[in-house]
Every structure is written in structure tokens, then in C-alpha cells.
Amino acid sequence: KAGVTQTPRYLIKTRGQQVTLSCSPISGHRSVSWYQQTPGQGLQFLFEYFSETQRNKGNFPGRFSGRQFSNSRSEMNVSTLELGDSALYLCASSSSTGGTEAFFGQGTRLTVV
Amino acid sequence: DQQVKQNSPSLSVQEGRISILNCDYTNSMFDYFLWYKKYPAEGPTFLISISSIKDKNEDGRFTVFLNKSAKHLSLHIVPSQPGDSAVYFCAAKRWDKIIFGKGTRLHILP
């Protein structure tokens, strides 16, 4: 069974640009969650999608948005990038909303310059 | 409002000894607690979990203890091995989301 796949692995963008990250969950998993990891802040929850609907949202500004497609693949978009958005963005899939365990992808390392 | 706290950013333990990683939480509504391990440039991998109705769960070298009255859980690794050097995240699950702590970096010393 293939794991969670995130693309691209690395991205460099300039301030003010926008970026789209992609996540393909484990086959059969319908829940996809996104997290931001920065040094000293751990894993901060961005949002969760289940069956194409955003079910939960963390405390991030509206520049952070996402969507989920009918095949459960999810995209995350960040508009008007700021230097502070530089982070590792992780996607996790689980079999149901808030499933007992989540399986993570390798992440996308975003650097904003 | 940090609902899951790992107060030790780092921990160094001699190889072969016991590693004890601690985690505190504030919300009584969590129904599962999980530990994840993360190596650099990789996503976190699930290690072990415990239901809120239990006080201990063991899996090989890894044991998680839950003290609900103190809202505290700990992960014991015995014996510690070099490959255990990583960042460990404590997480708590409620019905709608999993909330992570900031992580503890474990160094296993030779």
C-alpha cells in the first residue's frame, strides 16, 4: 500500500507570491489534515478535509486555504507569502475524521525569500 | 492556548539506559494519546498510542503511561538505542482533531 505522497518536496518562493502544495493520501483514506512545522513551534494544525469538506480549521490567517477532491487528494494554497511562512508543511491521512492514528507524508519544505 | 505541552525541548540519554519523555495536557475530552517519532527531512511516524480508559500500553521497548488525574503521560524507551535519536511528538486526539505538542529532541549518547 502506497503511503502519503506530498509534492513538491522543496519549494523556494519570494514574498508576495502564492504557492500550492499537493497531498495524495493513503488509498481508502478520506481524511486529510495539514500541519505546519517550524522550529520551536512543533506541529501546528492548519485544517482538515473529509469527503471534500473542510471539517476543522486551526488558527491561521485566511491566506492559508485548502481543498479536497473527490479522489481524496488535497491541495493547500498560501497566498501573499510572508517570510514567516517558511516551514515544513506536512500532510497526514487517516481513515476517518480524527482517526486514531494519522499517517504522515514526508512534507514540503517551503522557503520564502 | 497550548493544550498539549512537552516542556523539555531536548533530552540526552546514555545508550542502553531508559529514556523517559513527558507530556502534559489540559483538555479532559481527549480520548486517545499518541506518540510520534520524527527524523530530519521525514514526516512523523506513529509509534504507540493509549486509550484514555487505560493507564499503560506496551509495545516492545516502548511503554506509554497515562495518569489522567495529573493529565500527564510519559513514553519510556528501554533500552535506548542509537536509532532512537529523533524528535518525539506527543499528540492528543479528540473527536475532531489531533493536537500535537512542540516535540522533544532525544539524543542517545554512545
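Residues numbered from 1 in each chain as written. Chains lettered and ligands numbered in written order. Predicted model: local features only at pLDDT ≥ 70, side-chain atom pairs only at ≥ 80, totals over all residues. Heavy atoms only, no water.

Focus on the packing of aromatic side chains
The geometry of an aromatic ring pair is captured by the separation of the ring centres together with the interplanar angle, meaning the angle of the planes.
Now for step 1: Applying the stated criterion to the full structure yields 13 aromatic pairs over all chains.
Now for step 2: For the ring pair Phe30 of chain B and Phe33 of chain B, a centre distance of 6.1 Å and an interplane angle of 75° mean the geometry is edge-to-face. An identical accessibility class is assigned to Phe30 of chain B and Phe33 of chain B; each is buried.
Now for step 3: Connected via pairs of aromatic rings, a cluster forms that spans Tyr35, Phe45 and Phe104 of chain A together with Tyr36, Phe46, Phe89 and Phe100 of chain B. (Phe/Tyr/Trp six-rings, centres within 6.5 Å; stacked < 30°, edge-to-face > 60°. Buried < 20%, exposed > 50% of the residue type's maximum accessible area, 1.4 Å probe, protein only.)

What about the environment of Val64 of chain B?
All names here are of chain B.
Now for step 1: Inspection of the secondary structure puts Val64 in strand S7 (residues 62–67).
Now for step 2: On a C-alpha basis, the gap between Val64 and Glu15 in space is 20 Å, while along the polypeptide they are 49 residues apart.
Now for step 3: Not counting residues up to four positions away in its chain, the partners in contact with Val64 are Trp35, Ile48, Ser49, Ile50, Asp55, Lys56, Asn57, Leu73 and Ser74. (Helix = DSSP H or I, 4+ residues; strand = E, 2+ residues; numbered from the N terminus. Contact = heavy atoms within 4.5 Å.)

Observations concerning the pattern of salt bridges
Now for step 1: Scanning all chains against the criterion turns up eight salt bridges over all chains.
Now for step 2: Two residues, Arg67 of chain A and Glu75 of chain A, come together in a salt bridge whose shortest N-O distance is 3.2 Å.
Now for step 3: Note on Glu75 of chain A: relative accessible area 16%, which makes it buried.
Now for step 4: Across the salt bridge formed by Lys93 of chain B and Asp31 of chain B, the nearest N and O atoms sit 3.3 Å from each other. Of this pair, Lys93 of chain B sits in strand S9 (residues 86–93) while Asp31 of chain B is found in the loop between strand S3 (19–25) and strand S4 (32–38), placing the two residues 62 residues apart along the sequence.
Now for step 5: Judged by its relative accessible area of 7%, Lys93 of chain B is buried.
Now for step 6: For Asp31 of chain B, a relative accessible area of 27% puts it in the partly exposed group.
Now for step 7: A network of salt bridges, in which partner residues are shared, links Arg63, Glu82 and Asp85 of chain A. (Salt bridge = Lys/Arg side-chain N within 4 Å of Asp/Glu carboxyl O.)

Thoughts on the sheet that holds strand S6 (residues 56–59) of chain B
Two pairing modes exist for strands in a sheet, parallel and antiparallel, and in both the strands are linked by backbone hydrogen bonds.
Now for step 1: With antiparallel pairing, five strands are arranged side by side in an open sheet as S1-S3-S8-S7-S6 (chain B). A strand with exactly one partner marks an edge of an open sheet, and here the two such strands are strand S1 (4–5) and S6 of chain B. (Pairing = 2+ DSSP bridges.)

Some points on the interface of chain B and chain A
Now for step 1: Counting from both sides, the interface comprises 19 residues of chain B and, opposite them, 22 residues of chain A.
Now for step 2: In total, about 1700 Å² of surface goes out of reach between chain B and chain A, with carbon and sulfur atoms giving 57% of it.
Now for step 3: Our count for the chain B to chain A interface comes out at zero salt bridges.
Now for step 4: At the level of secondary structure, the elements contributing two or more residues to the side of chain B that touches chain A comprise S4, S9 and strand S10 (98–100) of chain B.
Now for step 5: Of the residues forming the side of chain B that touches chain A, the biggest block, four residues, is contributed by S4 of chain B. (Buried area = accessible area lost by both parts, 1.4 Å probe.)

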